[in-house]
Number of protein chains: 2
Amino acid sequence: MRIPRLFVDLPLAAGSPIEVTDERAHYLRNVLRLRPGAEVDLFNAGSGEWRATMKAIQRRTILLEIGTQTRKPEPVAGPVLYFSPIRRNRLEWMLEKAVELGVQALVPVITERSVVELGRPDRLRGRLIEAAEQCERLDVPEIGETVALEDVVESGVPLIVGDERRDDGSLLQALEDLPDAGLLVGPEGGFASGERDLLIDSGARMVSFGPLILRSETAALHMLSAWRALESDLVEAEADDGQA
Amino acid sequence: MRIPRLFVDLPLAAGSPIEVTDERAHYLRNVLRLRPGAEVDLFNAGSGEWRATMKAIQRRTILLEIGTQTRKPEPVAGPVLYFSPIRRNRLEWMLEKAVELGVQALVPVITERSVVELGRPDRLRGRLIEAAEQCERLDVPEIGETVALEDVVESGVPLIVGDERRDDGSLLQALEDLPDAGLLVGPEGGFASGERDLLIDSGARMVSFGPLILRSETAALHMLSAWRALESDLVEAEADDGQA
């Protein structure tokens, strides 16, 4: 069985004792059924990943001892996703997939046609942590405070914007041209025309998804997938050049 | 409110009466709360899309009269997705997204590490129909019979294969080189080494998703997204050339 990974928000170092409590302890003890001697990989962005051994199980606490480092910290790279709040079950799927695809951070954006309020950030954080543990990331992307579209535009961040079935430009081309852009997805029903004007006037790059309507969460994952595919493509090209 | 779309598996023509029964009738009458005079867009791949008007509501049946054609039949184009059976809730999510992204058909493939049996095809078909209605497709992709990996290889269809975090080639490059290839995604745990050899020997193109582990359903949607993004990119390029 693969060694389970556990996000621990504390500095990790050789020989350090780590206490895991409450739901995390329950997860290790009752769900994974680990016993003393079992190995767990602990990680966070700052410390990297460390192999730890379970030392003692108590009722609400599990004691782990950290051994050797298995992965050094890595630079965090990936797009920021500016997304429209959507219903809880769809949101959770989107968060999980966004983490798998390599999103760096997520920012909820309120627009004219937004109809859903975001759930409590701490509950969403649990989902992000689980997703990061499963897909072998070292960092757990954060969800920022909810902001208004105008605030995002005012911040000056370069944006690639997906807005329904517009006759806009190529997503792949936009990702090549603006490698540091945030990815902005509109709500179901799209951006209002005033919002679209605001985005275009600010220099945002409007892109098309093709002829079909994508739900908001699908559009978000589509943009992240395109980014991911292009990244891999560039890495492959560099590798080939290296071998030439 | 947007005019609702309803998939009807019958030839559609001007003036024809259409009867909708049982769950579909319930959906129109009780969920959408439509009443006589309301408009519904009926569609299927063969007939295209037709504007219809609700004429009469009975207990189990709704009578619609077809008016004018709103969309002609369109050629069906898109990749075939060869996927690993996965748990029901993830599978339904994957089907919905695959339809949105433009999959042409889906084929369940059993591999050494497959652990899940596919649910009943008729229940899955309902999900495919709903997804097609929501995303404005004219056709409803089919789910084929479950096949073994060896059968897929033996059929001679060109394949682009996503298999975990291998040091394989670029997905975008593979899609450009093999525009008619089927997209094959392995199960959680990936292909067994013998299966991988079989695929490589048959000429299949193995591609990488980048450094992170993608769940089986995420990998499927990632491949479809990459295909979709590349298609849009090529359309944009042709449009630009046309205007040059």
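Each chain carries its own residue numbering, running from 1 in the written order of its sequence. Each chain takes a letter, starting from A, and each ligand takes a number, starting from 1, following the order in which they are written. Local features in a predicted model are, by the rule used here, given only for residues with pLDDT of at least 70; side-chain atom pairs are given and counted only at 80 or more, and totals for whole chains, interfaces and linings are based on all residues. Excluded from the side-chain calculations are hydrogens and water; all other atoms, namely the structure's heavy atoms, are used.

1. Details of a negative patch on the surface
Residues and elements named next belong to chain A. To count toward a patch, a residue needs a relative accessible area above 30% and no salt bridge. Like charges then connect within 9 Å, nonpolar side chains (Val, Leu, Ile, Met, Phe, Trp, Tyr) within 5 Å. Areas reported as accessible are Shrake-Rupley estimates using a 1.4 Å probe. Residue values count occlusion only from the protein chains shown. Salt-bridge detection follows one rule: a side-chain nitrogen of Lys or Arg within 4 Å of a carboxyl oxygen of Asp or Glu. Note that His is not counted, nor are the chain ends; the positive residues are Lys and Arg, and the negative ones are Asp and Glu. By convention, the charge on Lys lies at NZ, on Arg at CZ, on Asp at CG and on Glu at CD. There is a patch of like negative charges on the surface, built from Glu112, Glu150, Asp151 and Glu154. The helix count covers DSSP runs of H or I at least four residues long, the strand count covers runs of E at least two residues long, and both are numbered beginning at the N terminus. Note that Glu112 resides in the loop between strand S7 (105–110) and helix H3 (121–135). Note on exposure labels: buried denotes an accessible area under 20% of the residue type's maximum, exposed denotes more than 50%, and partly exposed covers the range between, all computed with a 1.4 Å probe on protein chains only. Residue class for Glu112 comes out exposed when judged on its relative accessible area of 62%.

2. Some points on the interface of chain B and chain A
Taken together, the contacts link 39 residues of chain B with 38 residues of chain A. Two parts placed together each lose some accessible area; with a 1.4 Å probe, that loss summed over both constitutes the buried area. Ranking the residues of chain B by area buried against chain A places Trp93, Glu100 and Leu212 of chain B at the top, with a combined share of 19%. Linking chain B with chain A are 8 salt bridges. Linking Arg215 of chain A and Glu96 of chain B is a salt bridge whose minimum nitrogen-to-oxygen distance equals 3.4 Å. Here a polar contact is recorded for every N or O atom pair within 3.5 Å, except that within protein the pair must consist of a potential hydrogen donor and a potential acceptor, and residues adjacent in sequence are included only if both atoms are side-chain atoms. At the boundary of chain B and chain A, one finds 18 residue pairs in polar contact (both at pLDDT 80 or more). Contributions of two or more residues to the side of chain B that touches chain A are made by helix H2 (88–101), helix H3 (121–135), helix H5 (171–177) and helix H7 (216–243) of chain B. It is H7 of chain B that provides the largest number of residues to the side of chain B that touches chain A, a total of 12 residues. Whether two residues are in contact is decided by their heavy atoms, any of which lying within 4.5 Å being enough.

3. Quick look at the relation of the copies chain B and chain A
Alignment of copies: least-squares fit on C-alpha atoms of residues with pLDDT of at least 70 in both copies. For the pair chain B and chain A, the relating rotation is 180 degrees, the translation along its axis is 0.0 Å, and the fit reaches an RMSD of 0.1 Å. Taken together, these values place the two copies in the relation of a two-fold axis. Relative to the rotation axis, the closest C-alpha in chain B is found at Ala226 of chain B, a distance of 2.8 Å. The share of interface residues of chain B whose copies in chain A are also at the interface is 97%, consistent with both copies meeting through the same surface.

4. Focus: the pattern of salt bridges
If you walk through the whole model with that rule in mind, you get 42 salt bridges over all chains. Note that Glu49 of chain A and Arg71 of chain A form a salt bridge whose closest N and O atoms lie 3.9 Å from each other. One end of the pair, Glu49 of chain A, is in strand S4 (residues 48–57); the other, Arg71 of chain A, is in strand S5 (residues 61–71), and 22 residues separate them in sequence. Using a relative accessible area of 22% as the deciding quantity, one classes Arg71 of chain A as partly exposed. Asp177 of chain A serves as the salt-bridge partner of Arg205 of chain A, at 2.6 Å between the closest nitrogen and oxygen. Taken together, the positions of Arg205 of chain A in strand S12 (residues 205–207) and Asp177 of chain A in helix H5 (residues 171–177) put the pair 28 residues apart, joining distant regions of the chain. Take Asp177 of chain A: its relative accessible area is 40%, and that puts it in the partly exposed class. Overlapping salt bridges bring together Arg88, Glu92, Glu96, Lys97, Glu100 and Arg127 of chain A together with Arg90, Arg215 and Glu217 of chain B as one network.

5. With respect to the nonpolar core
Nonpolar cores are built from buried Ala, Val, Leu, Ile, Met, Phe, Trp, Tyr and Cys residues. Side-chain atoms within 4.5 Å join them into one set. Counting 88 residues, the largest nonpolar core has Leu81, Met94 and Leu106 of chain A together with Leu81, Met94 and Leu106 of chain B as its most contacted members. Apart from the residues within four sequence positions on either side, Leu106 of chain A is in contact with Leu81, Phe83, Met94, Leu95, Ala98, Leu128, Pro141, Glu142, Ile143 and Gly144 of chain A.

6. So, the domain arrangement of chain A
Residues and elements named next belong to chain A. Domain delimitation in this document rests on an assignment produced automatically or drawn from a domain database. Assigned domains of chain A: these are domain 1 (5–71) and domain 2 (80–239). Here domain 1 and domain 2 have C-alpha centroids that lie 33 Å from each other. Surface buried jointly by domain 1 and domain 2 totals about 860 Å² across both partners, of which 55% is contributed by carbon and sulfur atoms. Sorting the residues of domain 1 by area buried against domain 2 places Arg5, Phe7 and Arg71 first, and these three jointly supply 57% of that buried surface. Where domain 1 touches domain 2, the interface holds 1 salt bridge. With a closest N to O distance of 2.5 Å, Arg24 and Glu133 form a salt bridge. Counting every contact that joins domain 1 to domain 2 gives 7 residue pairs in polar contact (both at pLDDT 80 or more).

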